[in-house]
Amino acid sequence: MLAVAPVLAACAPEAAPPARADAPVIAPGAPGQSESPPVRARAAEGPVAADVRFAEEMIPHHRQALEMAGLAAARTGDPLVTAVADRVVDGQRPDIAVMESWLRSLGRTPPPAHDHSTGDHGMSGYGMASEEELTRLRTARGRAFDTLFLTLMIRHHEGAVGMAALELRRGRDRAMRAMAQDVVSGQQIEIARMRGIERRMGQGVSDKCCPSPPVPVPGTAGVIRQTPPESLGAPSLGAPEHVGELFVQIHEVGLTAG
């Protein structure tokens, strides 16, 4: 038994020699091929243009909703309409602050506070009220105010959902995509609530009075048509990209040639 030990010792592998400081480093890939960029660099990609555009356009869009909501207290006697206006203020004012802070973190200046863009100046495709519609809303009282307020706010919310759907489809920034997902889910709920108020009031006139303009989709052959939420069904609150794809796919059924 003792004679076996020398044999085993002879078969044991030699210890690996220490690595030399001048040893060549072998990079994967074919000879002459450049080395792949580090994974960390790819993961550190920042926001894309779609994220910036979403924030810069949603800020004035939200501001107009706040302007319309601010008219309600002195003009409506319906507590349900007042509640709609209060939810607009409570939900969209903090959103504006978040988007302004996000833009500043990128070194960009948020849209100025006095920028009251309307449907007369390029954003009518996103449900923005025209100056003439805002004037009518300011002068209306009672049931006339309620009717016009719900009509304009439903269309406004539909436009916001369309903007958010594009962000979910094309954006990359996590914060802006999360906000867009909240807009898609939250504002479609509000649209359904407002249509319920209309039915209670015996109206149901939003689409007849002021139909929603189609939402232009850059890079496609047509437009997204604004479809009432009850015909869409509520989107599931899954991953943000799934929500955006669902909304866009449903609406792209209505694409028309430009």
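So, how was this worked out
Residues numbered from 1 in each chain as written. Predicted model: local features only at pLDDT ≥ 70, side-chain atom pairs only at ≥ 80, totals over all residues. Heavy atoms only, no water. Helix = DSSP H or I, 4+ residues; strand = E, 2+ residues; numbered from the N terminus. Buried < 20%, exposed > 50% of the residue type's maximum accessible area, 1.4 Å probe, protein only. Contact = heavy atoms within 4.5 Å. Areas by Shrake-Rupley, 256 points an atom, 1.4 Å probe, with all protein chains shown as cover. pLDDT = per-residue confidence, 0-100. Core = buried A, V, L, I, M, F, W, Y, C linked by side-chain atoms within 4.5 Å. Polar contact = N/O pair within 3.5 Å; in protein donor to acceptor, adjacent residues only side chain to side chain. Salt bridge = Lys/Arg side-chain N within 4 Å of Asp/Glu carboxyl O. Phe/Tyr/Trp six-rings, centres within 6.5 Å; stacked < 30°, edge-to-face > 60°. Arc of directions from axis to C-beta. Axes fitted to C-alpha atoms, helices over the stretch in contact; angles between N-to-C directions. Parallel < 35°, antiparallel > 145°, perpendicular 65-115°, else oblique. Left-handed = near helix turned anticlockwise from the far one by under 90°. Nonpolar A, V, L, I, M, F, W, Y, C, P; charged D, E, K, R; others polar.

A.B. asks: Honestly, the overall build of the chain in this entry has me stumped. Any pointers?
C.D. replies: Helices and strands together make up the secondary structure of the chain, namely 10 helices and 2 strands. For the chain, the α and β elements follow one another from N to C terminus as α-α-α-α-α-α-α-α-β-β-α-α. A total of 258 residues make up the chain; the buried ones form 41% of that total. Looking at the chain alone, contacts between residues at least 24 apart form 76% of all its contacts between residues at least 6 apart. Of the roughly 14200 Å² that the chain leaves accessible, carbon and sulfur atoms contribute 59%.

A.B. asks: Can you walk me through the confidence of the model for the chain in this structure?
C.D. replies: The predicted coordinates of low-pLDDT regions are not to be read in fine detail. Averaged over all residues, the pLDDT of the chain equals 74, while 57% of them reach at least 70. When the criterion is pLDDT under 50, residues 19-27 qualifies, and its contacts beyond four places in sequence or with other chains add up to 0 contacts. Low pLDDT, under 50, characterises residues 212-258; the stretch is placed with 91 contacts to residues that sit more than four places away or in other chains.

A.B. asks: Please explain the nonpolar core as it appears in this structure.
C.D. replies: As a rule of thumb, soluble globular proteins bury nonpolar side chains together. One finds Phe54, Met68, Met99, Leu137, Phe145, Phe149 and Met153 to be the most contacted residues of the largest nonpolar core, which totals 46 residues. Elements supplying a minimum of two residues to this core: α3 (49-70), α4 (79-105), α5 (131-139), α6 (142-170) and α7 (174-201). Per-element accounting of this core gives the leading share, 13 residues, to α6. Here phenylalanine 54 is in contact with Met163, Ala164, Glu167, Met176, Met179 and Ala180, once residues within four sequence places are set aside.

A.B. asks: Looking at this structure, how should I read the side chain of aspartate 78?
C.D. replies: For aspartate 78, the position within the fold is in the loop between α3 and α4. Relative accessible area serves as the criterion here: at 11%, aspartate 78 is assigned to the buried category. A polar atom in the side chain of aspartate 78 sits 2.8 Å from the backbone nitrogen of leucine 80.

A.B. asks: Please clarify how the pattern of salt bridges should be interpreted in this entry.
C.D. replies: Working definition: two side chains of opposite charge can pair if their charged atoms are close together. One pass over the full model with this rule turns up 11 salt bridges. We note a salt bridge from glutamate 190 to arginine 87, for which the minimum N-O separation is 2.9 Å. On the criterion of sequence distance, the pair formed by glutamate 190 in helix α7 and arginine 87 in helix α4 is long-range, its members being 103 residues apart. Arginine 87 gets classed as partly exposed once you look at its relative accessible area, which sits at 33%. Of the charged contacts, one joins arginine 136 and glutamate 132 as a salt bridge, the two residues approaching to 3.8 Å between their closest N and O atoms. Taken together, the positions of arginine 136 and glutamate 132, both in helix α5 and 4 residues apart, correspond to about one turn of that helix.

A.B. asks: Would you mind going over the packing of aromatic side chains with me for this structure?
C.D. replies: The geometry of an aromatic ring pair is captured by two quantities: the separation of the ring centres and the angle between the planes. One pass over the structure, following the stated rule, counts 1 aromatic pair. Residues phenylalanine 145 and phenylalanine 149 carry aromatic rings whose centres are separated by 5.5 Å and whose planes lie at 20° to one another, so their mutual orientation is stacked. Taken together, the residues phenylalanine 145 and phenylalanine 149, both in helix α6 and 4 residues apart, mark about one turn of the helix. Each member of the pair, phenylalanine 145 as well as phenylalanine 149, carries the same accessibility label: buried.

A.B. asks: For this particular structure, what's the right way to read the environment of glycine 159?
C.D. replies: As for its placement among the helices and strands, glycine 159 is situated in helix α6. Accessibility expressed as a relative area gives 1% for glycine 159, which makes it buried. Each C-alpha atom, one on glycine 159 and one on glycine 125, is 7.0 Å from the other, the two residues being 34 residues apart in sequence.

A.B. asks: Explain α5 to me, please; I cannot follow it from the model alone.
C.D. replies: Note on helix geometry: an α-helix contains 3.6 residues per turn, so any two residues three or four positions apart are oriented the same way. Within the span of α5, buried status applies to Glu133, Leu134 and Leu137. All buried residues of α5 fall inside an arc of 100° around its axis, so they share one side. Residues of α5 that are buried sit in contact with α3 and α6.

A.B. asks: Even after reading the chapter, I still don't get the environment of methionine 68, so can you show me in this structure?
C.D. replies: Mapped onto the elements, methionine 68 comes out in helix α3. Linking methionine 68 and valine 88, residues 20 residues apart in sequence, is a C-alpha distance of 9.4 Å. Contact partners of methionine 68, with chain neighbours within four places excluded, come to Ala129, Leu134, Leu137, Phe149, Leu152, Met153 and His156.

A.B. asks: Whenever I open this one, the packing of α3 against α6 confuses me. Can you help?
C.D. replies: Between two packed helices, what matters for the description is the angle formed by their axes and the separation of those axes. Their axes nearest at 10 Å, the elements α3 and α6 cross at an angle of 165°. Overall, the two elements α3 and α6 adopt an arrangement that is roughly antiparallel. Here the hand of the crossing between α3 and α6 comes out left-handed. Side by side, α3 and α6 meet where Ala50, Asp51, Phe54, Glu57, Met58, His61, Gln64, Ala65, Met68 and Ala69 of the first sit next to Phe149, Leu152, Met153, His156, Gly159, Ala160, Met163, Ala164, Glu167 and Arg170 of the second. Here the contact of α3 with α6 is built from residues that sort into 12 nonpolar, 4 polar and 4 charged.

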